[in-house]
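Structural characterization, general
These are the residues of each chain, in order.
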Amino acid sequence: MVLGLLGSLTTSAWAGPHDRRAAPPGRVTRVSSAPGGTTALTDYTIQSTAKVSDPAADISSPGYPATGWYPTGSRSTVLAALLANGVYADPFYSTNQRKIPKTDFQVPWWYRSDFTVADTAERTYLDFSGVISAADVYVDGHQVATTKDVTGAYTHHELDVTSLVRSGTNTVAFRIRPNDPNKNLTMGWIDWLQPPPDENMGIVRDVLVRRGGPVALRDAHVVTKLDVPSLASADLTVKAQARNDSGTPATTTVSGSIGATTFEKTVTLAAHETKTVTFTPSDTPGLHLTSPKVWWPAGMGGQPLYDLKLTASVSGTVSDTTHQTFGIRDVQAPLNSDGARQYRINGRKLLIKGGGWSPDEFLRWDRSYVEDRLKYALDLGLNTIRLEGHLEPDEFFDLADRYGILTLPGWECCDKWEGQVNGGESGDTWTADDYPVAKASMAAEAARLRDHPSVISFLIGSDFAPDATIEKNYLDALKAADWPTPVVAAASANSSPQLGSSGMKMTGPYDWIPPNYWYAKREGGATGFNSETSAGPDIPTLDTLRRMMTPAELDTLWKNPNAKQYHRSPSSTFGTLKLYDDALTGRYGAPTSLSDYVRKAQLAQYENVRAQFEAYGRGATDSSKPSTGVVYWMFNSGWTSLHWQLMDRYLDQGGAYFGAKKANEPLHVQYSYDDRSVVVVNNRHSPASGLTARATLFNPDGTQKYDRTVTGVKVSGDGAHSSALTLPASVTGLSTTYLVRLTLTDASGKEISRNVYWLSGKPDTLDWANTDWYYTPTTSYADLKGLSSMAQVPVSATASTDASGETATTTVTVRNTGGGKTPSLLTDVHLVDASGKPVLPVEWSDNEVSLWPGETVTLTATYRTADLHGSVPRVRVSGWNTPERTVPSE
């Protein structure tokens, strides 16, 4: 969903057109009686144990009067439910979240739900994971599990409650234990944002009621082996567990299909026996595929998926069914000669270009909102999302499969998950009870994720690698699950006993550094696989800032670099914006107002994010120390943040977003900060030739000082680059601050890439010797203050909108109508509603463009028609030296 994109947030921080609000009390889930049927509990009512003294047997029995309890949906933390019920003010605004009393969540909470079954002829099971942090479980007045049994956010549980369930209404109740990420193998927030006061205690995945006959089918999956590099054939092996849950022997026929291929086996099971049923190409020739439909990441090919359907029958009656979707692809990730991990998909190398994922701070799931962000990833030219912990529900990976977005899931750092190996950092050391929970967590996630073609690895460590015992437990669980892709020891440059080197680096930076930093083949620069890195702060647009901070806080934001910023991080390292603000002032000049601060921030973020991706893009095919992967830290934020985000909480887009989008163009011309070369990078598979590259240098007033055109440029595909020319070290009459305009045209003369830089004859100077873990100091700043002398340039805009379908398109023509020589630098176009609020999410063909006098560009914006809420869109145009104006769309 989109979070209140067209209106201010109410007391519920989760407001918008697709809002999943708390359900009305008393709604009962109707459970399917079909064998193999799975029905998610749709609603709960919740209450603190501090306010409920009734016995558990009463609370978990049908008809219990849950008077005064809070209704909530199928997946909800305690705090998410209370927010939906209006108990607390919007936690995303100002410091409201700090006012929520933590003591409310230091006692267990009850979750209670009713469901009905039409008959008891079938067996009934409760199937779930996603309990934070642990729970006692009751059904119809009887305890069926304790907190010792149900503990850990990722452990999977199936409870046979057949003997308790009755025809008609039944009740399940969870008594949820408080969470502490330093003590429990659950989820924490590290230094990403101010942690929620309830620490996400609750149930954050669906609780399923499963029905079936005497023989259950479980653990169904497909092991694929693709012939690489030919891709001409693939062998499929189908596996499933047939489990006899009755007290007498049973003979079951397991039959299945994948497309037109069918298969069948008869299995005899003793009472309560489980056997693995396997189908291979040797016994089922149809499982050897010729010309298989191969799954590719977006931009490299299609995303076809196959369906596995299995049925277990006893005496001709269906006992259970299961369905699984899978893709056929091959993933390899060997270490290159420099020791860096190099991913290959279906035999082809690719540069991992990704972002670090954050779920909603209160772990609220909304498919539309997640889908919007994944579409943004594709719009940005990214191919990968890294999930450090916070492993999202199944639908997330279904969407990633569908859109061709690779995923790198793994365990998180800086809490209990690495408490045994991280020395003096936070996170308790493990007790004997933690090892089986961690192994069970690995087994559950491996079984859940293995058939998703979008999943290309699992990182069993983050900042630290596991020790020998923990690693063995993880690897044993992965092997038992037939895990198909590379397992990585850590996201940092660490090793584990069996896996060896991670092939990754975690050398920062996480706070401000200048754009030329990225071109150094050291520290966080463009070499190897950098699993998490960025220049830190990403100041949102002025629209978003006004939605998240008070006027007084906004005043402090631009006036006081030393002030602690609640919307940055709880970490003392990242508590202020001083490094960033000092650089902004040192390079661009001191801000004169809030709007001037935000204007400079967007310019600075555009150049820095662009340089990060461009440096890694240029280095992907280097013969020495190539770059193999970069994960922007972070892709998005779970709340209203001032750092680590390519788009903000409300999906608004600024300099960071469009800098990344520009850098990751399919065929792209770019400037190199290290050697002044002008390079063409080809992210497409096919080579390109007959290209013309042009570089023109201007003073800020638009006076041209250098111009060179090179024809016959050609470049190979798959991330290769070609140097077209090198800019001279000095140009007569060029001012200290100057502009570089690069264009790339094809053989027909059509412009296919344009890139504008603002540079200085006085470069940023880095103090490499004093590099810290999170940044490298800058001893002198580039002088970009000359940009402030640019004359104001009028820009006209006309717009037309087609909103006849579910998706609307607004076409905007923007023109620099100035009579002089001065360009309009970083001209931003925002789609707004009648009240001037941004219409979001939106996908622009291009944005934040720079136009010379007389130049015109046509941009398109696509978005959901419903997000207009019946209003006519308008177009707001502004820029570095462009006065803001808003025009209606026809």
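Above this text sits the structure in question.
Concerning the overall build of the chain
Along the chain, the regular secondary structure elements total 11 helices and 51 strands. For 890 residues, the compact-globule estimate of 2.2 N^0.38 gives 29 Å, and the C-alpha radius of gyration of the chain, at 29 Å, lies within 12% of that figure. Oriented by its inertia axes, the alpha-carbon framework of the chain measures out at about 95 × 60 × 60 Å. Long-range contacts, defined here as pairs at least 24 residues apart, represent 71% of the contacts in the chain between residues at least 6 apart. Approximately 30,600 Å² of the chain is accessible, and the part contributed by carbon and sulfur atoms is 49%. Charge centroids of the chain, computed over 81 positive and 95 negative side chains, lie 4 Å from each other.

Digging into the state of the cysteines
Here a disulfide denotes one covalent bond, and it connects the sulfur atoms of two cysteines. Summed over all chains, the structure comprises 1 disulfide. Disulfide pairing is shown between C413 and C414; the S-S distance is 2.1 Å. Between C413 and C414 the sulfur-sulfur dihedral comes to about -80°; the bridge is accordingly left-handed. In this pair, the class of C413 matches that of C414, namely buried.

As for unusual backbone geometry
Here the amide bond leading from G508 into P509 is cis, since omega sits at 0°, within 30 degrees of zero. Topologically, P509 is positioned in the loop between β32 (500-501) and β33 (528-533). A cis amide bond links W633 to the next residue, M634, at an omega of 5°. Inspection of the secondary structure puts M634 in the loop between β34 (627-632) and α11 (655-663). With a phi angle near 60°, D482 is a residue other than glycine that sits in the positive phi range.

Topic: the sheet that holds strand β13 (residues 202-203)
One open sheet accounts for 3 strands, arranged β5-β13-β8; its pairing is antiparallel. Taken across any chain shown, the strands that pair with only one partner, and hence form the sheet edges, are β5 (76-77) and β8 (131-132). With 2 bridges connecting them, β5 and β13 associate as antiparallel partners. Note that in β13 the partner of S76 across the bridge is I203.

Considering the packing of aromatic side chains
Going through the model one piece at a time under the given rule, you end up with 42 aromatic pairs. On the basis of an interplanar angle of 75° and a centroid distance of 5.1 Å, the ring pair of Y657 and F658 is categorised as edge-to-face. Judged on exposure class, the residue Y657 and its partner F658 are both buried. A centroid spacing of 5.2 Å and a plane angle of 65° characterise the contact between W773 and Y774, whose relative ring orientation is edge-to-face. Among the residues examined, W773 registers a relative accessible area of 47% and is labelled partly exposed.

Things to note about helix α8 (residues 551-559)
Listing the buried residues of α8 in full gives E553, L554, L557 and W558. When α8 is viewed along its axis, its buried side chains cluster within an angular range of 125° and face the same direction. On its buried side, α8 packs onto α7 (542-548), α9 (578-588) and α10 (594-618).

Section: the environment of T268
Relative to the assigned elements, T268 resides in strand β18 (residues 261-269). By relative accessible area, which is 48% here, T268 ends up partly exposed. Sequence separation between T268 and T155 is 113 residues, and the spatial gap between their C-alpha atoms is 30 Å. Setting aside residues no more than four positions away along its own chain, T268 makes contact with A250, T251, E273 and K275.

Topic: the sheet that holds strand β41 (residues 751-760)
Ordered in space as β38-β37-β40-β41, the 4 strands form an open sheet in which the pairing is antiparallel. The open sheet has two edge strands with one neighbour each: β38 (704-715) and β41. Ignoring which end each strand starts from, the neighbouring axes of this sheet average 15° apart. For strand β37 (residues 688-698) and strand β40 (residues 737-745), the ladder comprises 7 bridges, and the chain directions are antiparallel. In the sheet register, R694 faces β40, and the bridge partner there is T743.

Structural notes on the environment of V740
Mapped onto the fold, V740 is located in strand β40. The spatial distance from the C-alpha of V740 to the C-alpha of P626 is 27 Å, given a sequence separation of 114 residues. Contacts of V740, omitting those with residues within four sequence positions, involve T696, L697, L727, N755, V756, Y757 and L759.

Structural notes on the pairing of strand β36 (residues 677-682)
The element β36 is largely enclosed, with a buried count of 6 among its 6 residues. Alternating residues of β36 divide into S677, V679 and V681 and V678, V680 and N682, and every residue in both groups is buried. With 5 bridges connecting them, strand β35 (residues 667-671) and β36 associate as antiparallel partners. Within β36, the residue paired with V669 across the bridge is V680. With antiparallel pairing between neighbouring strands as the criterion, β35 and β36 make up a hairpin whose turn holds 5 residues, including R676 at a positive phi of roughly 65°.

Looking at the nonpolar core
Within soluble globular proteins, side chains that are nonpolar generally end up buried alongside one another. Core analysis: the largest hydrophobic core is formed by 247 residues, its most contacted members being F174 and Y343. For this core, the element with the most residues is α10, which contributes 12 residues. In this structure, A56, Y64, W69 and A173 belong to the second largest nonpolar core, which totals 8 residues.

Regarding the packing of helix α5 (residues 434-449) against helix α6 (residues 468-480)
In contact at an axis separation of 8 Å, α5 and α6 are set at 30° when each is read in the N-to-C sense. Considering the angle they form, α5 stands roughly parallel to α6. At the point where α5 passes α6, the crossing takes the right-handed sense. Residues Y435, A438, K439, M442, A443 and A446 of α5 form the contact with α6, whose own contacting residues are T469, I470, N473, Y474, D476, A477 and L478. Grouping the constituent residues of the contact of α5 with α6 by class yields 9 nonpolar, 2 polar and 2 charged.

Digging into the pattern of salt bridges
Taken as a whole, this structure holds 49 salt bridges when the rule is applied. The salt bridge partner of D596 is K600, with a shortest N-O separation of 3.0 Å. Of this pair, D596 and K600 both sit in helix α10, 4 residues apart, roughly one helical turn. There is no split in this pair, since D596 and K600 are both buried.

Some details on the layout of surface pockets
One number sums up the size of the largest pocket: a volume of about 1,500 Å³. Taken together, 40 residues form the lining of the largest pocket, with D127, H156, L208, R210 and D394 sitting closest to its centre. Partitioning the lining of the largest pocket into residue classes produces 11 nonpolar, 13 polar and 16 charged.

Reading the values: rules and limits
- Residues numbered from 1 in each chain as written.
- Predicted model: local features only at pLDDT ≥ 70, side-chain atom pairs only at ≥ 80, totals over all residues.
- Heavy atoms only, no water.
- Helix = DSSP H or I, 4+ residues; strand = E, 2+ residues; numbered from the N terminus.
- Rg over C-alpha atoms; globule rule 2.2 N^0.38 Å.
- Contact = heavy atoms within 4.5 Å.
- Areas by Shrake-Rupley, 256 points an atom, 1.4 Å probe, with all protein chains shown as cover.
- Lys, Arg positive; Asp, Glu negative; His and termini not counted.
- Charge placed at Lys NZ, Arg CZ, Asp CG, Glu CD.
- Disulfide = S-S within 2.5 Å.
- Buried < 20%, exposed > 50% of the residue type's maximum accessible area, 1.4 Å probe, protein only.
- Pairing = 2+ DSSP bridges.
- Phe/Tyr/Trp six-rings, centres within 6.5 Å; stacked < 30°, edge-to-face > 60°.
- Arc of directions from axis to C-beta.
- Axes fitted to C-alpha atoms, helices over the stretch in contact; angles between N-to-C directions.
- Core = buried A, V, L, I, M, F, W, Y, C linked by side-chain atoms within 4.5 Å.
- Parallel < 35°, antiparallel > 145°, perpendicular 65-115°, else oblique.
- Left-handed = near helix turned anticlockwise from the far one by under 90°.
- Nonpolar A, V, L, I, M, F, W, Y, C, P; charged D, E, K, R; others polar.
- Salt bridge = Lys/Arg side-chain N within 4 Å of Asp/Glu carboxyl O.
- 1 Å grid on protein atoms, 1.4 Å probe; cavity = no way out; pocket = protein on both sides within 12 Å on 5 of 7 lines; lining within 4 Å.
- Points joined across faces, edges and corners; volume = space filled by probe spheres on them.

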